[in-house]
Amino acid sequence: MVSEPNAVIAVDIRKLTVKFGEFTAVDQVSLSVRKGEIFGFLGANGAGKTTTIRVLCGLLVPTSGHVRVAGYAPEDGLEKIKTRVGYMSQRFTLYDDLTVAENLKFSGSLRGIVGRKLEQRIEELLEFVGFSRATGAFVKDLPGGIKQQVSLAASILHDPEIVFLDEPTSGVTPGARERFWKLIRELAGKGKTVFVTTHYMDEAEHCERIALMKDGKIIALDSPGGLKASTFRTPLLEILPSRKMAEGSWLPQLRAHPAVESIEPYGMRYHLVISDPARLGEVKAQIPPSFEISQTAPSLEDVFIRLVEAGFIK
Amino acid sequence: MKWQMKWSRIIAVLRKEVFHILRDPFTLALALALPLILVLVFGLAIEFNIRELRMAVHDGDRTYQSRGLTEVLGSSGYFKLTNEVSPVAAMGALEGERAKAALIIEKNFGKQLGSEQVARAQVLLDGSDNSTVGLILGYLNGVQKIAEHKFLPEVASSNLEIRTKYLFNGELNSRWFTVPGLLAIVIAILSILLTSLTIAREWENGSMELLLSTPIRPLEIVIGKLVPYLVLGLGAATFVYLLARLGFGVPFRGSHFVLIPGVLLFITAYLTQGLLISVITRRQQLAMQLSMMTGLLPSILLSGFIFPIENMPPFFQVFTSILPAKWFIQISRGTFLSGSGFAELATPFLALFVLNGVLIMLATKNFKKDLEP
Ligand SMILES: Nc1ncnc2c1ncn2[C@@H]1O[C@H](COP(=O)(O)OP(=O)(O)O)[C@@H](O)[C@H]1O
Ligand SMILES: [Mg+2]
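As the structure is a prediction and not an experimental result, all values here were calculated from the model.

Conventions used here
Residues numbered from 1 in each chain as written. Chains lettered and ligands numbered in written order. Predicted model: local features only at pLDDT ≥ 70, side-chain atom pairs only at ≥ 80, totals over all residues. Heavy atoms only, no water. Helix = DSSP H or I, 4+ residues; strand = E, 2+ residues; numbered from the N terminus. Areas by Shrake-Rupley, 256 points an atom, 1.4 Å probe, with all protein chains shown as cover. Donors = N, O, S within 2.8 Å, 3.2 Å for Na, K, Ca; no water. Near = heavy atom within 4 Å. Polar contact = N/O pair within 3.5 Å; in protein donor to acceptor, adjacent residues only side chain to side chain. Salt bridge = Lys/Arg side-chain N within 4 Å of Asp/Glu carboxyl O. Buried < 20%, exposed > 50% of the residue type's maximum accessible area, 1.4 Å probe, protein only. Domains from an automatic or database assignment. Axes fitted to C-alpha atoms, helices over the stretch in contact; angles between N-to-C directions. Parallel < 35°, antiparallel > 145°, perpendicular 65-115°, else oblique. Left-handed = near helix turned anticlockwise from the far one by under 90°. Contact = heavy atoms within 4.5 Å. Nonpolar A, V, L, I, M, F, W, Y, C, P; charged D, E, K, R; others polar. Pairing = 2+ DSSP bridges. Core = buried A, V, L, I, M, F, W, Y, C linked by side-chain atoms within 4.5 Å.

The next subject is the overall build of chain B. The helix and strand inventory of chain B stands at 14 helices and 5 strands. Split by element, the accessible area of chain B, about 16800 Å² in all, is 64% carbon and sulfur.

Written as structure tokens, this is what we have:
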């Protein structure tokens, strides 16, 4: 990645560290994002995702390290960065007591877009995000998913090259999440770079590449497929315990089996990692016959559990 | 790296803030109803005990001019006169609480009126009686006008002077005095409280961060957000002024060119204090509490609005000097009641300048630290 020419790099981070007092929120993070890429930032709450984004948007000065966003470093003048990026904060930041139109006009005016041009742009973006209600509606009366669409419109009014979306789909319905991700893909299709954080693992599948963050550090960075392949080199079994035996001695017994590397709950089911593919049959024999057993492809959630929660080290 | 301040961005923030104000019943109620309620509560207190205030009169002149004056007083309906043989007896009546006021007419009163000299009659008031002093002052004002125009037609109207002097309470502390002081209270509430709330709200719901992610400069945000409250504060101040003058007939003896700069300085000080509070707290609840503690309560209790500063322990007499309200109340009362100009009010004006400087410095420093990465 380092060797790629700058013209195709939208975001470049080198050894970024952010400390709040003694506490290190972001620890020596390096990564770069290509132009037009959908880059996913994954991690539990408090991992340091928002802090990283705030540095990239010019809202926070890093303790050390270098960042370059849309070709500019913060030292070149924050307004250079601020005019080229759009930021949708993880908190809902539209004004509840203003109408949709008033909110968007306000955002536009702050960006120096005025008059007829602003009106056209608002119309265009509301159509893009699929907003079909009256623009005179107060934001407080809109459902969460629609609010997020309007927020997105507000953050891209000035046609930024890079869009930072911090947990854009938290707290909205699955249907609204699905629609939102369609918009993200459309944005990328128009050549925008999209830097998005989420803690929904299924959403991360939409990203071209994912950085997994834990305690301020990047612990993995790859495409979804690459992450799965590198994290799970051995078979993954999914078992569904029969209702009668949901609680039983089988669980500690299996866990103690030398060929079982880990068992993690996965909804009603369990995901079981076999350390040695040759001993797959042996493990299967240990599982009570009333259980449903299937060999499965790992999901990103499995990756996340394995890398972050279980502290698996490659 | 500096970039240009843009009026369009300031106006965008200002417009938005006006929407917030117009759509928030709490702000509107506070801005409109509060001045009215305060003036009514404090102003109406003056209306009690309206008739028949006992006044001890010593007429040392005994001319038809002096009798004319006492007659005007007696027939006004406000005072019930008792004659006293000597100035000392008149004072005794006042001290013994047999009278609320004493009128002493000196020997040469009639002669002075006839000539081109200034004729003086002295009214002594029991300054410790809050409820009546303001009232008497107001009546005397009217009585003097009637006397000049009706009963003493042959004299030039300017040479009758009724001097008032307060006994027992040098710095007069009357309810009358509270009405000009109300200007300070109303401004304190609107400026400190509303400013700190509006900016804290922006922090609290995260929109400050969004504002800062655009090219807008922090100073533009502040100007855009403060101007509507400056206007609101001025509006409320005008309202209190008009109510005081027209509704309660409080005299205005000074110059508006002195009062208005005073009001502006005072509002700026409190807007800045509100800004400082919101930058420090970032939370509406906390901002509200801090505004009450550092702005509203001291303005009411420690500024001389209710309790005279002279009667406070020495520590407080010094401590209160850091309260803009203390100085503004001096300006307000000075211009309303004593007709003071810049010369007499140099100290309060200077103090307000200094306090403004300090507050602006503190707010800018904290604001910069927080907002300019
Ligand atoms: N302004 C701040 N002051 C002190 N600590 C902070 C501040 N902002 C974030 N943190 C801490 O830094 C850590 C990372 O936070 P954040 O970047 O918001 O994580 P994420 O977005 O991944 O949930 C958290 O532990 C958080 O408490
Ligand atoms: Mg976050």
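After that view, the rundown keeps rolling.
Another aspect to go through is the coordination of the magnesium ion (ligand 2). Donor atoms from the polypeptide that coordinate the magnesium ion (ligand 2) comprise Thr50 of chain A (OG1) and Gln90 of chain A (OE1), at 2.0 to 2.2 Å from the metal. With Thr50 of chain A in helix 1 (residues 49-56) and Gln90 of chain A in the loop between strand 5 (85-88) and helix 3 (100-110), this pair connects stretches of sequence that are 40 residues apart.

Before going further, it helps to spend a moment on the site of ligand 1. All names here are of chain A. In the vicinity of ligand 1, the contacting residues are Phe20, Phe23, Ala25, Ala44, Asn45, Gly46, Ala47, Gly48, Lys49, Thr50 and Thr51. At 2.9 Å, a backbone N or O of Gly48 approaches an oxygen atom of ligand 1. Within the contact set of ligand 1, an oxygen atom lies 2.9 Å away from a backbone nitrogen or oxygen of Lys49. Computed on the free molecule, ligand 1 has an accessible area of 560 Å², of which 62% lies beneath the protein chains in the complex. Looking at the shell around ligand 1, the elements that each hand over two or more residues are strand 2 (23-34) and helix 1.

Next up on the list: the pattern of salt bridges. Scanning the model with the defined rule gives 22 salt bridges over all chains in all. Arg177 of chain A serves as the salt-bridge partner of Asp202 of chain A, at 2.9 Å between the closest nitrogen and oxygen. Of this pair, Asp202 of chain A sits in helix 7 (residues 201-204) while Arg177 of chain A sits in helix 6 (residues 174-189), placing them 25 residues apart in sequence. A relative accessible area of 12% means that Arg177 of chain A is categorised as buried. Residues Glu17 of chain B and Lys16 of chain B are paired through a salt bridge, measuring 3.9 Å at the closest nitrogen-oxygen approach. Judged by relative accessible area, Lys16 of chain B falls into the buried class, the value being 2%.

Quick look at the domain arrangement of chain A now. On domain assignment, one finds that chain A holds domain 1 (9-225) and domain 2 (233-297). One C-alpha centre belongs to domain 1 of chain A, the other to domain 2 of chain A, and the line joining them spans 40 Å.

So, about the packing of helix 3 of chain A against helix 5 (residues 144-155) of chain A. Residues and elements named next belong to chain A. Contact geometry of helix 3 with helix 5 gives a least axis separation of 9 Å together with a crossing angle of 25 degrees. Considering the angle they form, helix 3 stands roughly parallel to helix 5. For the element pair helix 3 and helix 5, the recorded crossing hand is right-handed. When helix 3 is examined against helix 5, the residues Val100, Leu104 and Ser107 are found in contact with a partner set consisting of Val150, Ala153 and Ala154. Of the residues assigned to the contact of helix 3 with helix 5, the class counts are 5 nonpolar, 1 polar and no charged.

Take the side chain of His271 of chain A next. Residue and element names in this part refer to chain A. Residue position: His271 is located in strand 12 (residues 269-274). Judged by its relative accessible area of 4%, His271 is buried. Polar contacts involving the side chain of His271 include one to the side chain of Glu238, which spans 2.6 Å. Not counting chain neighbours up to four residues away, the residues in contact with His271 comprise Leu236, Leu237, Glu238, Ser262, Ile263, Glu264, Tyr266, Thr296 and Asp302.

What follows covers unusual backbone geometry. Not every positive phi belongs to a glycine, and Asp215 of chain A is a case in point at roughly 45 degrees. With respect to the helices and strands, Asp215 of chain A occurs in the loop between strand 8 (209-214) and strand 9 (217-222). Unlike most non-glycine residues, Arg62 of chain B shows phi in positive territory, near 55 degrees. Position of Arg62 of chain B among the secondary structure elements: in the loop between strand 1 (53-59) and helix 3 (64-75). Note on Arg62 of chain B: relative accessible area 63%, which makes it exposed.

The subject of this paragraph is the side chain of Ser303 of chain B. All names here are of chain B. Take Ser303: it is sitting in the loop between helix 11 (284-301) and helix 12 (314-319). Within polar-contact distance, the side chain of Ser303 engages the backbone oxygen of Ser299 at 2.4 Å. When neighbours within four sequence positions are excluded, Ser303 is seen to be in contact with Pro298, Ile309, Leu323, Ala325, Lys326 and Ile329.

This part takes up the sheet that holds strand 12 of chain A. All names here are of chain A. One open sheet accounts for 4 strands, arranged 11-12-10-13; its pairing is antiparallel. The two strands at the open ends of the sheet, each matched to only one other strand, are strand 11 (260-266) and strand 13 (292-296). Across the sheet, the axes of successive neighbouring strands diverge by a mean angle of 25 degrees, strand direction being ignored. In this structure, strand 11 lies alongside strand 12, joined through 6 bridges in antiparallel fashion. Counted as the bridge partner of Pro265 is Tyr270 from strand 12.

Counting residues in hydrophobic clusters, the biggest one holds 106 residues, and the most contacted among them are Leu31, Phe164 and Phe195 of chain A. Of the residues forming this core, the biggest block, 17 residues, is contributed by helix 7 (residues 175-204) of chain B. Not counting residues up to four positions away in its chain, the partners in contact with Leu31 of chain A are Val11, Asp12, Ile13, Phe39, Phe41, Phe195, Ala211, Ile218 and Leu221 of chain A. Listed in part, the 48 residues of the second largest apolar core include Leu126, Val129, Ile146 and Leu212 of chain A.

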